[in-house]
Structures are given as C-alpha cells and as structure tokens.
Amino acid sequence: MRGWPNRESGMSFTTLTLLVAGVVNASAAAPGFPRPFDAGARYARDLHVNAAAATGGDGSVGAPFSTIAEALAKAQPGTRVLVARGIYGTVGSVRNLQGRPEAPIALVGTGGVVIDAGGQGSGLHIADPQYLVIENIAIRNAVPHGLSIDDGGSYASPARHIVLRNLSFSRIGDGGNNDCLKMSGVDDFYIAGSRFAGCNQGEGIDMVGCHRGTIAGNTFTDMPGIAVQTKGGSADVLVHGNRFVRIGGRAINAGGATGEPWFRPLAAPHEAERIRMVANLIEDTGSAPVAFAGCRDCVFANNTVVGPGDYAFRIVEENPTRRPGERGYFINNIIVFDADALRSFVDIRKGTKPGTFMVDANLWHARDDPSFEGPALPLDLPPGRHAVTSRDPMLDGEMRPRAGSPAIAAGREVPGGIPGDFDRRPYGGPPSVGAFAGP
C-alpha cells in the first residue's frame, strides 16, 4: 500500500486508504473515519434465546431457545439472535456463521447477558465466519480464551467482515498465554466500545495475520501482559481513541514473534506492516506504551502518555526469521513521565534498523524535574526536523489540554493523515500534539 512519506523529497503525504469492514465516511466523525459494515443493516428474522426457557424451544418469542448454541446453529443470512438477560455457559465452537453484505448474522445481548464458561472452556469459538456482528455480551471465567475467531486453519478463506461492539471480558485464562480476544486470519474487522480486563498472561486482543481492521473506543485495563498485539503478518490496522490503564507490559505491540506455520499469508515479510496507533490515552504502563517489534511503516502519533513505564518506546526484533522492522514513526505525542522511574527514553535492541525511524514533534514533560530540557535520544535515531518541546502540557483530569497549552497546534503532518482526535474531532492545521485536538 502506498502513500507513505518520501524521506528524500521531504514531507510528501497522500491519504492512507483504510479498507475497514466496508468503510464509508462517518458524517458524525472526522472525515475519513471508518465505519463498520453493518451501519444501517436490517434483519429479516429474529431468533430468541432465554436462559430461563424450557428446553425444546423453536426460537420464537413464545418459545425461545435455552442456549446460545442452539440459536446460532439455526442462524442464516439475515438472522439476528436476540439473547435475553441471564447467565449462560460456554457456547463451544461454531463454524460457518456466514452472512452476506446485505444480510449479516448478528448475536445481540438485550441487557445483562453474561457468558460464564466456569473455567471449562473458551466462552465462544467461531471458525470461518463472515459478515457477522456480536454485541452487548460479557464473557468471563473462560480458558484459554474469552472469544476466539479464526479462519478455520486456512487463510485461503479468511474470516472477514466482523464487528464486535460493546463486549466485556474479565477473568480470562488460567495463568498461561491466554487472551481475552484471539483472532487468527481475520480481515475487515471493527472492534469498538468494549472493555478488556484481567486478560491473564496473554493479550487483551491478540491478532495473528489479521488485516484491514479498526480498534476504536475501547478500554484496556489491569492486565499483566500486552493489551493489543498485531503480529504474524498483520497489516493495515488502525488503533484509535482507546484508553489503556495499568498495563503491566506493552500497551501496544506493533509486531511480535510468530511461529512460521502461523503467518497469514505465509510469505509475509514482516511481523506487521502499516499499523497506525493514533489518538490513544495511555496511563501507567510497565514496559512501554508501544514497541515496534518487526513492524514496517508503523505510526505511533498523537497519543497522550502519562507514566510510560521503563521506556517511552521500544524498537526490538523478536523474530529473526523475518525482515527487521523499519520506517517507524513516533511523532506528535505527549509524554508525561517521572525521570526517576524511566530507565531510558528509548530501548533499541540488536538486529533493528533505528536509522530508518522518525522521532519528531513530541512534547516531553518530567513531573519530578523542573530543569528537564528534553530527552537524550540514542544517536542511532535520526534527529527530528521539528523542535522537541519540554514544557508542562497543562492537561486537565481527563488528559485534555487546557486553553493555552503548548500542545495546541504544535504538531506536524502524520503519514496517512490523522482520522480525528480521541473524540473523533478533526485536528487543525498544524495539528495539536497529543490525543485531543484542543480543550
């Protein structure tokens, strides 16, 4: 995909096209912000589920199914499965939930719906779906994953056009590499308005070979590992307007370390490409807000970071069998930190290509050092063209810049453009630094 800046000719940008779940422009948001494919979808048939219903129902209002699995087994294109308030057990594995663009399949909680796996399995596993919507459901006490979506083991027919909205995950895993949401070979997806907490030693969202997706408006909190990971050949993913709080490892891992058989496609040259991490709020991480781990043309821009952990960012190479990451961008960010707590501003490991990265137009503020004049960045990193500001960004309790903040209009152009601030308001020109366009 083209449209990235040409270093030799200066800052020449074109708009990065995001083909996300049948994207069209959202009139209520900044121009170009992706919308899910199901905007305006209508359903021809409803099936009803109620945990308190007698067995043997037919899915009608008067005789609902008693389990979610029964309803999904009957779902055809244009079917909406409406789940009544209640606690449901593990759903198990479901294959071929395949709707159509004009007739998707939806699994919708209608209030207080909980899938409690009781430690006996994943909450729900879906293989080979397409044009599928899941919303308004909480998943808890699941092992190894809360929700797992994959291509059935063959990327020749990827899972695609998936919308996950207003989900909640808690108490997932049994101490291993378990994830709240695991996606393998999923394309054209949209994850919004969901909450991820207690995702054990795995990830909040772990993507292996996933493409053309949006992760927006979610909250990730209180997990020891990584909140969002894009690896295994993942590409063209927008991580926008999310809140990350108390993440023990890395808030976002752009890349990773994937075993050879699991790449999608198998010949993908990098762990990840064109991952854009924009307008997020990140507070109190253990390792770093972001790690570029074998990621090519990846952008971390206009984020507000408070308490970054050991490093402001990391450049690492964790899979020597693929090409090292290159052309990463760390620009237009606010970083508020304690000098005594930071091990170093940047962690650069062997086998990487830091000379191709750009660090520019960031606002750095040391809360415990009034004499701080700017970060000492490694000589391996090229110097930025814009001045690094080392002043108090004057943030309010919601991490918004107050009137008169030096962050306002202090930024620069961003590769691919900025699809709105944390509230999806358009940035001005020049853009502000950080997750908000203004007060």
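Data block above holds the structure.
What you see is a predicted model, and the numbers here were worked out from it, not measured in a lab.

A. The overall build of the chain, seen in detail. When helices and strands are counted, the chain shows one helix and 32 strands. Its C-alpha atoms give the chain a radius of gyration of 22 Å, near enough to 22 Å, the size a compact globule of 439 residues would have. Along the first, second and third principal axes, the C-alpha atoms of the chain reach 70 × 45 × 40 Å. With 439 residues in all, the chain has 59% of them scored as buried. Contacts in the chain between residues far apart in sequence, at least 24 positions, make up 71% of those at least 6 positions apart. Carbon and sulfur atoms make up 49% of the accessible area of the chain, which amounts to about 16,400 Å² in all. Computed over 41 positive and 43 negative side-chain charges, the inter-centroid distance for the chain is 4 Å.

B. Up close: the packing of aromatic side chains. Enumeration according to the criterion identifies 14 aromatic pairs in this entry. Arranged with centres 6.1 Å apart and planes meeting at 85 degrees, the rings of F292 and F313 form a pair that is edge-to-face. In this pair, F292 is assigned in strand 23 (residues 288–293) and F313 in strand 27 (residues 313–316), connecting sequence segments 21 residues apart. Neither F292 nor F313 differs from the other in exposure class; each is buried. Relative to F357, the ring of F292 lies with its centre 5.3 Å away and its plane at 85 degrees, an arrangement referred to as edge-to-face. Of this pair, F292 sits in strand 23 while F357 sits in the loop between strand 30 (346–348) and strand 31 (358–360); the two residues are 65 residues apart in sequence, bridging distant segments of the chain. A relative accessible area of 1% means that F292 is categorised as buried. Relative accessible area serves as the criterion here: at 2%, F357 is assigned to the buried category. Among the aromatic side chains, those forming a connected cluster through ring pairs are F292, F300, F313, F330, F337, F345, F357, W364 and F372. Note that R322 overlies the ring of F263, its terminal NZ or CZ placed 3.6 Å from the centroid.

C. Structural view of the side chain of R250. Within the secondary structure, R250 is located in strand 20 (residues 250–255). For R250, the side chain forms a polar contact with the side chain of E318, separated by 2.8 Å. Once you skip the residues sitting within four places of it in the chain, R250 turns out to touch G225, I226, A227, S287, A288, A291, A293, R314, V316 and E318.

D. Layout of the sheet that holds strand 27. An order of 4-7-9-11-14-17-20-23-27-30 is seen for the 10 strands of this open sheet, with the pairing classed as parallel. Each edge of the open sheet carries a strand with a single partner, namely strand 4 (93–95) and strand 30. On average, each strand axis in the sheet is tilted by 10 degrees relative to the strand beside it, whichever way the strands run. Inspection of the sheet shows strand 23 paired to strand 27 by three bridges, in the parallel sense. Its bridge partner being in strand 27, A293 is matched across the sheet by V316.

E. View of the environment of G259. With respect to the secondary-structure elements, G259 resides in the loop between strand 20 and strand 21 (272–278). Using a relative accessible area of 33% as the deciding quantity, one classes G259 as partly exposed. Sequence spacing of G259 and I115 is 144 residues, and the spatial spacing of their C-alpha atoms is 31 Å.

F. Spotlight on the pairing of strand 2 (residues 79–83). Where burial is concerned, most of strand 2 is hidden: four out of the five residues are buried. Where strand 1 (residues 45–49) lies against strand 2, five bridges are found, and the strand directions are parallel. When the bridges of strand 2 are listed, L47 appears paired with V81. As a crossover connection, the stretch from strand 1 through helix 1 (residues 68–74) into strand 2 is right-handed. Relative to strand 5 (residues 105–109), strand 2 runs parallel, the two sharing four bridges. Each residue of the ladder has a partner; that of V83, found in strand 5, is G109.

G. Expanded view of the state of the cysteines. Using the criterion set out here, one finds two disulfides in the structure. At a sulfur-sulfur separation of 2.0 Å, the disulfide partner of C180 is C199. Because the torsion about its S-S bond is -100 degrees, the bridge between C180 and C199 counts as left-handed. Of this pair, C180 sits in the loop between strand 10 (159–172) and strand 11 (181–184) while C199 is found in the loop between strand 13 (195–197) and strand 14 (203–208), placing the two residues 19 residues apart along the sequence. Here the two residues C180 and C199 agree in accessibility, since each one is buried. There is a disulfide in this structure between C295 and C298, and the S-S distance comes to 1.7 Å. Residues C295 and C298 share a disulfide whose torsion about the S-S bond is about -50 degrees; that sign makes it left-handed. Each member of the pair, C295 as well as C298, carries the same accessibility label: buried. Across the chain, the way the bonded cysteines pair up, counted in sequence order, is 1-2, 3-4.

H. View of the environment of V306. For V306, the position within the fold is in strand 26 (residues 304–306). Note on V306: relative accessible area 10%, which makes it buried. Sequence-wise, V306 and E283 are 23 residues apart; in three dimensions their C-alpha atoms are separated by 4.8 Å. Non-local contacts of V306, meaning those with residues more than four positions away in its chain, are made with I282, E283, D284, V336, R367, L395 and M399.

Conventions and cut-offs
Sequence order sets the numbering: in each chain, residues are counted from 1 along the sequence as written. Whole-chain, interface and lining totals are the exception, using all residues; otherwise, since this is a predicted model, local features are given only for residues with pLDDT of at least 70 and side-chain atom pairs are given and counted only at 80 or more. Water and hydrogen atoms play no part in the side-chain values, which are based on all heavy atoms of the structure. By the criteria applied, helices consist of DSSP H or I runs no shorter than four residues and strands consist of E runs no shorter than two, each listed in order from the N terminus. Atoms counted for the radius of gyration: C-alpha only. Globule rule: 2.2 Å times the number of residues to the power 0.38. Type-normalised accessible area, obtained with a 1.4 Å probe on protein chains alone, sets the label of each residue: buried when under 20%, exposed when over 50%, and partly exposed for intermediate values. Any two residues whose heavy atoms approach within 4.5 Å at even a single point are treated as in contact. Residue burial considers only the protein chains on display, and all accessible areas are found by Shrake-Rupley using a 1.4 Å probe. Asp and Glu count as negative and Lys and Arg as positive, but His and the ends of the chain are not part of the count. Charge placement uses NZ in Lys and CZ in Arg. For Asp and Glu, CG and CD serve respectively. Within 6.5 Å between ring centres, the rings of Phe, Tyr and Trp (the latter by its six-membered ring) count as paired, and their orientation is classed by plane angle as stacked under 30 degrees, edge-to-face over 60, tilted in between. Placement of a positive charge over a ring is assigned whenever Lys NZ or Arg CZ falls within 6 Å of the ring centre and within 35 degrees of the normal to the ring plane. In the analysis that follows, any N or O atom pair within 3.5 Å is treated as a polar contact, provided that within protein one partner can donate a hydrogen and the other can accept it, and provided that, for residues neighboring in sequence, both atoms belong to side chains. At least two bridges found by DSSP between two strands is the condition for calling them paired. Only the contacting stretch of a helix is used when fitting its axis, a line to C-alpha atoms as for every element, and angles between N-to-C directions run 0 to 180 degrees. Consider the strands pointing away from the viewer: the crossover is right-handed when the path from the first strand over the helix to the second runs clockwise. We call a pair of cysteine sulfur atoms a disulfide whenever their separation is within 2.5 Å.

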